[in-house]
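Architecture and fold: a report
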Amino acid sequence: LLDATKIRLNSDVPIGLFLSGGIDSGLVAAAVSKLGFKDLNVHTVSFKDSDKDESDLAKKTANHLGLRLKIHNIDQITLSDIKSSIQHFDQPFADPSLIVTDLICRKTFQNSTTVVLTGDGGDEGFCGYREYLKLVKYNSLNILPDILLNNLGRVISWIPSKKIKIISNRLKLNKISRVMWTHVYPFDDNLSKLFENKFNFNEAEEFLNHNKKYDNLTVSQITDLNCYLPSNVLKKTDMMSMKNSIELRSPFLDYRLVELGLSIPKKYKIQNNKTKYILREIAKDWLPEEISKSEKKGFGVPLDQLFLTNNNYSEEVIDQIIKLSNYNFFNKSKLNSYLQKKDFSSTNLKSIYKLFCLSVFLETK
């Protein structure tokens, strides 16, 4: 990690670091400090009155390491911010964190930082996502025949519970697909019902047929490293950094660290129901105790504040989503019915966000 960080600190222009309250960016910051590069710009964002705000943790890390931290306050995100971010993409994209990534890249450039180190890749390389914990729990079920689990999934699917529905969807997969359920199978029954015709989506299991020699946890890592990381995480950071004329570099994407994360025994990845065990052990020596014990949060966006007005979807949101009916694959009456439902749960708001982003993208192109 020290060597991977040292390589990426080579720069003829001002260099900085994105620092959240998490372990990955914290370890990169610690490596920077240990290498003697303390006079660089460290950036984080602050969301007022949000449970996703990690600026206090970032401040503790920076103070512990003797780094200068710049906190960028983001008081309000608007629909115009979303449109500005989406319009820069060359493919449909709907990860809510892209807005925050866009804003922090903009703030960083405005503060005379051109090259920035990040903690991207740590979660995929060393099992940082909560889905990896669920995978370990599902491994005990995988000893049962698929036909038995499939039938059980169909039976419990009748239970009116969103949580049960997720479990049902997972049980109805085959073994390899069940293992790959990290970010490859984000079932969204809300949206599938809005299509004009039924679509058949190709499953990704063929992608890993030649990797059966690996244990299930490593298979899920390989899936995320080859699918989710380049198609989502790095797509987002690449597009938003280019939009704002900065370059992002991540030590955790060094091939030696990726190979290490895939080769070490499972006990160094998941232990005592904790993710990224080996990184947490390093963090105990390099970072404040509170950071080493912190849970993953990620960039959160207040979708309810963005999309709701007077306990209903705003007119701008409704008008934008209805435009999807112009493209033949969404049914207008189903879209109208869906938008009239007063389901403002986190899951449903994410679905609304996906529809909004798709409509903006199609309209732009």
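We now turn to the structure provided with this report. (Residues numbered from 1 in each chain as written. Predicted model: local features only at pLDDT ≥ 70, side-chain atom pairs only at ≥ 80, totals over all residues. Heavy atoms only, no water.)

**Here's the deal with a positive patch on the surface**
- Where like charges cluster on the molecular surface, the positive patch consists of R154, K165, K172, K193 and K341.
- For K172, the position within the fold is in the loop between α9 (162-171) and α10 (175-179). (Patch = residues over 30% accessible without salt bridge, like charges linked within 9 Å, V, L, I, M, F, W, Y side chains within 5 Å. Areas by Shrake-Rupley, 256 points an atom, 1.4 Å probe, with all protein chains shown as cover. Salt bridge = Lys/Arg side-chain N within 4 Å of Asp/Glu carboxyl O. Lys, Arg positive; Asp, Glu negative; His and termini not counted. Charge placed at Lys NZ, Arg CZ, Asp CG, Glu CD. Helix = DSSP H or I, 4+ residues; strand = E, 2+ residues; numbered from the N terminus.)

**So, helix α4 (residues 79-86)**
- Among all positions in α4, only L79, D81, I82, S85 and I86 are buried. Down the axis, α4 shows its buried residues gathered within 155 degrees of arc, on one side only.
- Buried-residue contacts for α4 involve α5 (97-110), α12 (216-243), α16 (303-307), α17 (315-322) and α19 (346-364). (Buried < 20%, exposed > 50% of the residue type's maximum accessible area, 1.4 Å probe, protein only. Arc of directions from axis to C-beta. Contact = heavy atoms within 4.5 Å.)

**Some words on the packing of helix α7 (residues 130-138) against α12**
- It is the contact of α7 with α12, at a shortest axis distance of 10 Å, that shows an interaxial angle of 145 degrees. Between α7 and α12 lies a crossing of right-handed hand. When α7 is examined against α12, the residues Y132, L135 and V136 are found in contact with a partner set consisting of N216, L217, S220, Q221 and D224.
- Of the residues belonging to the contact of α7 with α12, the class tally is four nonpolar, three polar and one charged. (Axes fitted to C-alpha atoms, helices over the stretch in contact; angles between N-to-C directions. Left-handed = near helix turned anticlockwise from the far one by under 90°. Nonpolar A, V, L, I, M, F, W, Y, C, P; charged D, E, K, R; others polar.)

**With respect to helix α13 (residues 255-263)**
- All of the buried residues in α13 are L257, V258 and G261. One side of α13 carries all its buried residues, which in axial view fall inside an arc of 100 degrees. Of the residues in α13, the exposed ones pointing more than 90 degrees away from the buried face are Y255 and S263.
- Check the buried side of α13 and you find it contacts α1 (2-8), α6 (122-126) and α12.

**Examining the pattern of salt bridges**
- By the definition in use, this model includes 16 salt bridges.
- The residue D254 makes a salt bridge to R8 at a minimum N-O spacing of 3.3 Å. Of the two residues, D254 is situated in the loop between β5 (247-249) and α13 and R8 in helix α1; the sequence distance between them amounts to 246 residues.
- We classify R8 as buried; its relative accessible area is 17%.
- With a shortest N-O distance of 3.2 Å, E316 and K83 are connected by a salt bridge. Taken as a pair, E316 in helix α17 and K83 in helix α4 lie far apart in primary sequence, 233 residues in all.
- Relative accessible area serves as the criterion here: at 21%, K83 is assigned to the partly exposed category.
- Among the charged side chains, a network of salt bridges with common partners joins D3, R8, D254 and R256.

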